[in-house]
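Coordinate inspection notes
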Amino acid sequence: MNDLPAAGGCAHLECTRCGATYPAETLQRLSPCCERPLYPRYDLEAIGKRLRREDLAGRSADLWRYAELLPVRDPAHAVRLGEGWTPLVDTPRLADALGVAQCWVKDEGQNPTASFKARGLCLAVSRAVELGVRSVALPSAGNAGSATAAYAAAAGIEAHIVVPRDTPFPILEEMRALGADVELLDGLITDCGARVAVGAREHGWFDLSTLKEPYRVEGKKTMGYEVAEQLGWTLPDVIVYPTGGGTGLVGMWKAFDEMERLGWIGSARPRMISVQAAGCAPIVRAWERGDEHAEPWEGAHTYASGLRVPRAVGDFLILDAIRASGGAAVAVDDDEMKRWTPVVGRLTGIFAAPEGAATAAAIAPLLRTGVVKPTDSVVLFNTGSGLKYVGQA
Ligand SMILES: *Cc1c(COP(=O)(O)O)cnc(C)c1O
């Protein structure tokens, strides 16, 4: 992978609430106007004129194949470990078992550090380095922490990860082996967030919490580009996404919009399905009530740690995408995830994370309510490898 990606860079950042714009060449976090996520915006008309979708064909087998649509300006700042361009596995026997016409599994467990957190943190770290950051910090209960540790190590900068004391031992060991400064706290991820905020003030750590800086979403949006490219520039009828902070779901929604403006796809969209754990389902509750925002979930519990997110900063963006696409939000309990893990494994050859198994478990209730039809083509997101959860269920 010594083939450098193309030069990229966005035109400006835009508040997802009110549309106010901010320069992209200084470090930004939430929008100063509304305290909401900022989205990078590109000059898509100009990019569309010089980049055709066919031009991508011979490019590197990682997410940097979409470099013109990514915020990193200087290709030398791209921190690369082989992230993205994961296989979209056609799984006909799983399709039969689920009762749908066609099913693919996007196997994100094949990313560096064995989860799709690599995509977002690759971009966040690369861009932070480009803007002069030398130490990053993150509150995490798992996969985001190891991905941060890996990209910080690859970039040669410091990573401070604050985790609850009960974080699974293999993940602690992974983060330490990747050179991160790991701090254990008695408390929840929210307490870890408060500790990171103090470290940011006292030591100048740059906080990479999801959607609180503008670039993780850009890494996650590449899943949308990949699904389209891997399906020959078509999209499936349905995308099923296990949702914590929802960065991947809103990222793919952003990617579809960008691809349409580039002239790469038409206006048809998949129905976007958000799957959460029954023990922590703030988006499902808000979707059922028709609310614009999701109330924080009290007493969150599930062994699918990626779904243990009681409050999502981008809740309104997730709910917008689900509604605009004619999708739905469904909750699946831990027993169903455990039941589906070996079914997915036996029928596909993929050892799924509980979050991935949850997407398969969600199909039966979706067929019952008619949101998914037996004639549909479906993409399930297996967001991580089952190996990271061994011994936890
Ligand atoms: C973080 C995580 C999720 C949730 O991702 P979001 O984009 O924050 O919704 C799902 N699965 C796994 C394995 C994760 O690590």
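Residues numbered from 1 in each chain as written. Predicted model: local features only at pLDDT ≥ 70, side-chain atom pairs only at ≥ 80, totals over all residues. Heavy atoms only, no water.

**Describing the state of the cysteines**
Put simply, the rule is: Cysteine sulfur pairs qualify as disulfides if the two atoms are within 2.5 Å. The buried label goes to any residue with under 20% of its type's maximum accessible area, the exposed label to any with over 50%, and the partly exposed label to all in between, with areas taken from a 1.4 Å probe on protein chains only.
Inspection of every chain in the model, using the stated rule, returns 0 disulfides. In this structure Cys-33 is a free cysteine whose sulfur lies 3.7 Å from that of Cys-15, the closest cysteine sulfur available. Looking at Cys-33, the relative accessible area reads 38%, which means it is partly exposed. Of all cysteine sulfurs in the structure, the one in Cys-192 sits closest to Cys-280, which takes part in no disulfide; the separation is 15 Å.

**Things to note about the sheet that holds strand β6 (residues 135-139)**
Whenever strands of a sheet pair, they do so through backbone hydrogen bonds, lying parallel or antiparallel. Quick note on the threshold: A pair of strands counts as paired when DSSP detects no fewer than two bridges linking them. Each helix is a run of DSSP H or I of at least 4 residues and each strand a run of E of at least 2, with the numbering of both proceeding from the N terminus.
Spatially, the 4 strands line up as an open sheet ordered β8-β7-β6-β9, and their pairing is parallel. The two strands at the open ends of the sheet, each matched to only one other strand, are β8 (181-185) and β9 (206-207). Here strand β7 (residues 158-164) pairs with β8 via 5 bridges, running parallel. Counted as the bridge partner of Pro-164 is Leu-185 from β8.

**Focus: the side chain of Asp-207**
So the rule is basically this: We define a polar contact as two N or O atoms separated by no more than 3.5 Å, with the added condition that, inside protein, one atom must be a possible hydrogen donor and the other a possible acceptor, whereas residues neighbouring each other in sequence contribute only through side-chain atom pairs. Contacts were defined at the residue level, with two residues in contact if any of their heavy atoms lie within 4.5 Å.
With respect to the helices, strands and loops of the structure, Asp-207 is situated in strand β9. Here the side chain of Asp-207 touches Arg-29 through a polar contact of 3.1 Å, side chain to side chain. In terms of polar contacts, Asp-207 uses its side chain to reach the side chain of Ser-209, at 2.7 Å. When near neighbours in sequence (up to four residues on either side) are disregarded, Asp-207 contacts Arg-29, Ala-137, Pro-139, Val-196 and Glu-213.

**A word on the pairing of strand β10 (residues 238-242)**
Taken across its 5 residues, β10 has 5 buried, putting it largely inside the fold. Neither face of β10 is exposed, since Val-238, Val-240 and Pro-242 on one face and Ile-239 and Tyr-241 on the opposite face are all buried. With 5 bridges connecting them, β10 and strand β11 (residues 271-277) associate as parallel partners. Looking at β11, one finds that Val-238 is bridged to Arg-271. Bridge count for β10 against strand β13 (residues 377-382) is 3 bridges, and the pairing is parallel. The partner of Val-238 across the bridge, within β13, is Val-378.

**Focus: the sheet that holds β11**
To be explicit about the condition: Where helices are involved, their axes are fitted lines through C-alpha atoms of the stretch in contact, as for all axes, and angles between N-to-C directions lie from 0 to 180°.
Strands sit in the order β4-β5-β13-β10-β11-β12 across an open sheet of 6 strands; the sheet is mixed. Pairing within the sheet leaves two strands with one partner each, and these edge strands are β4 (88-90) and β12 (328-332). Neighbour-to-neighbour, the strand axes of this sheet turn through a mean angle of 25°, independent of strand direction.

**Remarks on the domain arrangement of the protein chain**
Here is the rule: Note that domain bounds follow an automatic or database assignment of domains. A simple way to read buried area is as the amount of 1.4 Å-probe accessible surface that goes missing from two parts once joined, with both sides added. We define a salt bridge as a side-chain nitrogen of Lys or Arg found within 4 Å of a carboxyl oxygen belonging to Asp or Glu. Residues are grouped as follows: Ala, Val, Leu, Ile, Met, Phe, Trp, Tyr, Cys and Pro are nonpolar; Asp, Glu, Lys and Arg are charged; all remaining types, including Gly, are polar.
Domain assignment breaks the protein chain into domain 1 (12-77), domain 2 (88-113 + 217-389) and domain 3 (117-207). Placing the centre of domain 1 and that of domain 2 at their C-alpha centroids yields a distance of 23 Å. On the domain 2 side, the residues contacting the 22 residues of domain 1 number 21 residues. Area buried by domain 1 at its contact with domain 2 is led by Tyr-39, Arg-53 and Tyr-66, which between them contribute 33% of it. Here domain 1 and domain 2 share 2 salt bridges between them. In this structure, Glu-229 engages Arg-65 in a salt bridge whose closest nitrogen and oxygen atoms are separated by 2.8 Å. The interface formed by domain 1 and domain 2 contains 7 residue pairs in polar contact (both at pLDDT 80 or more). Within the residue set of the side of domain 1 that touches domain 2, elements represented by two or more residues are β3 (38-41) and α1 (44-50). Per-class residue counts for the side of domain 1 that touches domain 2 are 14 nonpolar, 2 polar and 6 charged.

**A few points about the packing of helix α7 (residues 216-230) against helix α8 (residues 247-261)**
Note the cut-off: By definition in this entry, angles of less than 35 degrees are roughly parallel, angles greater than 145 are roughly antiparallel, angles of 65 to 115 are roughly perpendicular, and the rest are oblique. Two helices cross in a left-handed way if the nearer one is turned anticlockwise from the farther one by less than a right angle. They cross in a right-handed way if the turn is clockwise.
Across the interface, α7 lies against α8 with an axial gap of 7 Å and an inter-helix angle of 60°. Judged by the angle between their axes, α7 and α8 are oblique. Helix-helix and strand crossings are classified by hand; for α7 and α8 the assignment is right-handed. Contact with α7, carried on its side by Arg-216, Val-217, Glu-218, Lys-220, Lys-221, Met-223, Gly-224, Tyr-225 and Ala-228, involves Thr-247, Gly-248, Val-250, Gly-251, Met-252, Lys-254, Ala-255, Phe-256, Glu-258 and Met-259 of α8 and no other residues of that element.

**Side note on the site of the ligand**
For the record, the criterion: Proximity is defined per residue: if any heavy atom of the residue lies within 4 Å of a molecule or strand, that residue is considered near it. Calculation of accessible area relied on Shrake-Rupley with a 1.4 Å probe; when residues are assessed, cover is drawn exclusively from the protein chains displayed.
Near the ligand, the surroundings consist of 16 residues, among which Lys-117, Tyr-241, Gly-244, Gly-246 and Thr-383 are the closest. Contacts to the ligand include Tyr-241, whose side-chain N or O atom sits 2.5 Å from an oxygen atom. Interatomic distance of 2.6 Å between a backbone N/O atom of Gly-246 and an oxygen atom of the ligand. When the free accessible area of the ligand is taken as 380 Å², the share hidden by the protein chains comes to 96%. Sorting the residues of the shell around the ligand by element identifies β10 and α8 as the ones contributing at least two each. Tallied by class, residues from the shell around the ligand come to 4 nonpolar, 9 polar and 3 charged.

**Quick word on unusual backbone geometry**
The residue Glu-35 is not glycine, and still its phi comes out positive at about 55°. With respect to the helices and strands, Glu-35 occurs in the loop between β2 (21-22) and β3. Despite not being glycine, Thr-113 has its phi angle at roughly 60°, a positive value. Within the secondary structure layout, Thr-113 lies in the loop between β5 (102-107) and α3 (117-130).

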